[in-house]
Amino acid sequence: MDFNCLYVFENVIHSFIFLVKHICLIPCCISFSKVESYGTREDDSAQEGKSGDDSSENNSESSSESESDTEETDIRKSDEELEKNELLPLVESEANSQFRCEHVKTEHNQKEQVTPRRLSRGQFWLKLEAEGTYQCTVTGLIFDVTKAAVIKYSVLSWSKYADYVKKPWMVGGPIFDVSCDSASVLTSIQFPHSLSLNDHESGMTFKVLHIKSTGPAIEPSVDHSMTHVKWHVSSLSPVGPVIQTQEPVHYDGAVILYKVVNNHPSLSFRVYVATNNDSFIKDISKAVKYSDKKFIKIDKPPVCQKRLQDGKRYRLISEPEAEITPEEIEFVDGSLLKLKSYIEVYMEQPMEFTLSLIELESEEIVWKAKLREYLKLKVPKHQEKTAVILVARTEAGNIGKCDWILHDQNKNEQKRNTISNRRRKSSNSLFGEEFYNKRLKGSDISDGTKAKTTLTDQQLMTLAKKMGKDWKEIAIECLKLEMKDIHQIQAKEEEVNVYKFMMLSKWREGELSNGTAQNLYDSLKDHVSYEIIQILEGFLEQT
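Residues numbered from 1 in each chain as written. Predicted model: local features only at pLDDT ≥ 70, side-chain atom pairs only at ≥ 80, totals over all residues. Heavy atoms only, no water.

In terms of helices and strands, the protein carries 13 helices and 27 strands. Counting over 543 residues, the protein shows a buried share of 38%. Considering only intrachain contacts with a sequence separation of at least 6, the fraction spanning at least 24 residues in the protein is 65%. Just so you have it, the protein exposes about 32500 Å², and 50% of that area is on carbon and sulfur atoms. (Helix = DSSP H or I, 4+ residues; strand = E, 2+ residues; numbered from the N terminus. Buried < 20%, exposed > 50% of the residue type's maximum accessible area, 1.4 Å probe, protein only. Contact = heavy atoms within 4.5 Å. Areas by Shrake-Rupley, 256 points an atom, 1.4 Å probe, with all protein chains shown as cover.)

Turning our eyes to something else, we now look at helix α8 (residues 457-466). Turning to α8, its buried residues number three or more, namely Q459, L460, L463 and A464. The arc enclosing the buried residues of α8, seen along the axis, measures out at 140°, which places them on a common side. Of the exposed residues in α8, the ones pointing more than 90 degrees away from its buried face are Q458 and K465. Of the surrounding elements, those touching the buried residues of α8 are α11 (496-511), α12 (517-524) and α13 (530-542). (Arc of directions from axis to C-beta.)

As a rule of thumb, nonpolar side chains are buried together in soluble globular proteins. Ranked by internal contacts, the top residues of the largest apolar core, which has 33 residues, are L195, V271, L316, V345, L355, L357 and W367. Contributing elements (two or more residues each) for this core: β16 (253-261), β17 (267-275), β20 (313-319), β23 (343-347), β24 (353-359) and β25 (365-371). If you look at the next biggest cluster of nonpolar residues, it comprises 28 residues, including L460, I489, Y521 and F539. (Core = buried A, V, L, I, M, F, W, Y, C linked by side-chain atoms within 4.5 Å.)

The subject of this paragraph is unusual backbone geometry. A cis amide bond links K167 to the next residue, P168, at an omega of 15°. Residue P320 is reached from E319 by a cis peptide bond, and omega for that bond is 0°. Tracing the backbone through its elements, the reader meets P320 in the loop between β20 and β21 (323-325). In this structure, R121 is a non-glycine residue whose phi angle is positive, near 60°. Residue placement: R121 occurs in the loop between β2 (117-118) and β3 (123-128). With relative accessibility at 71%, the residue R121 sits in the exposed group.

Roughly 780 Å³ of volume is contained in the largest pocket. Along its surface, the largest pocket is lined by 26 residues, and W125, V150, K152, D470 and S529 are the ones closest to its centre. For the lining of the largest pocket, the elements supplying multiple residues, two or more each, are β3, β6 (149-156), β8 (175-180), α9 (471-477) and α13. Counted by class, the lining of the largest pocket contains eleven nonpolar, four polar and eleven charged residues. There is about 660 Å³ of room inside the second largest pocket. Lining the second largest pocket are 27 residues, with D278, I281, K282, S285 and K297 sitting closest to its centre. When residues of the lining of the second largest pocket are traced back to their parent elements, those giving at least two are β3, β16, α5 (278-289) and β18 (294-298). Per-class residue counts for the lining of the second largest pocket are 14 nonpolar, four polar and nine charged. (1 Å grid on protein atoms, 1.4 Å probe; cavity = no way out; pocket = protein on both sides within 12 Å on 5 of 7 lines; lining within 4 Å. Points joined across faces, edges and corners; volume = space filled by probe spheres on them. Nonpolar A, V, L, I, M, F, W, Y, C, P; charged D, E, K, R; others polar.)

Put into structure tokens, the structure is as follows:
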């Protein structure tokens, strides 16, 4: 009888410990529920946990009743079974909370925002210090690296690769050319896409077009989100996201404004309706840059308030009325087209007006911007040569915001003519100075200074300290030195920076009087870091 009492007492103790354990787990479940708002999953887990608890307790009670008269060895056995049963609800709960664990892991693995340096020819340069996931604040690219790496990348034009994107495939976002100092370190890249997914991704296939040395290839993506398409790096060369779908495609849209710059008081604009795609937008910028007309970009919020749908018709309207050509457009993603379509807006008399892009079917406003009224200002003397000036600031005690200012051309022309006459009378006219400098290229001027100042030893040492391990390649490729020159430099046991200095000095000697900052800048600008370019630009300002 005493033995049975002892057995019951031990079972009560075990049940109490079991309940305490599960009560302690409740706050964890609540915190997970708050983080992820998986309310239904939490309720299911709690119910499963309860049923597990009840079954464990029932098992222990039935075990207690059936084995009340057994030996002490049987008691130990029942205790072990009870402990096993206690563990079961925990394992089950862990399985049910798989989504929560993944979410928490993602929360901890946040992307670090990094801003790249801008190199020449539209290149970006990033130095990543350690393993991790990094997102470029300019392009939106996301890089996964296993250790420290240096990555260079640039936005390309899809029109160059139009022949490789055949139906049913379509452009999904910008295309990039990416390189890394160690290709194996860069494991995956997430490319931003210009699609507005929401509920329209069920029948959509995401892949990437990879332009390899052996030819183009459509490669599978690893995953996609509302903003990005993830791809495991197989090799580094031009890559961009492509999609395949039978459903209507919706895009994140952008409206970009350019104003014609001329001497006429009338207003003329180009309005581009595009996908919010860096490759598309870069093509627009290039088209405007190389146009016969001169343009200035009007800084207005470009992002559309409502997504654009492929094949739908849109109308641009102006208040007050303006001449708009064409009045309506059918929207298509023009990423693959070399010539980008635009809408022309013309107003004979300059005034404040509002432009709105309307979807014809629903008559909803997709995009809207107010362009400030035309205003004449009294400008500072150093700006009198500029006929048209964009402003986005408030002149103290004068006017409010406006988008462009057209000045009195006659006054400016008179001023220019007066200055020109004075210069003709002066022996130091601009033309005379240029001609005189050309005549004296590399020779001494009367005051003893050189027409072109060569770089000093101190300047060369400053540059040498900033050069990397590729200084030998730069010497041969950019500065036209030979390998024997490198061997001669390295014949003496010196520090690496001294080798680099001797290399630059060797180049300066070969250039004679043309060993200038400008000449070195022209030779290195496409091959060295942004930091070196900045130093050379500083030297140029000093000359």
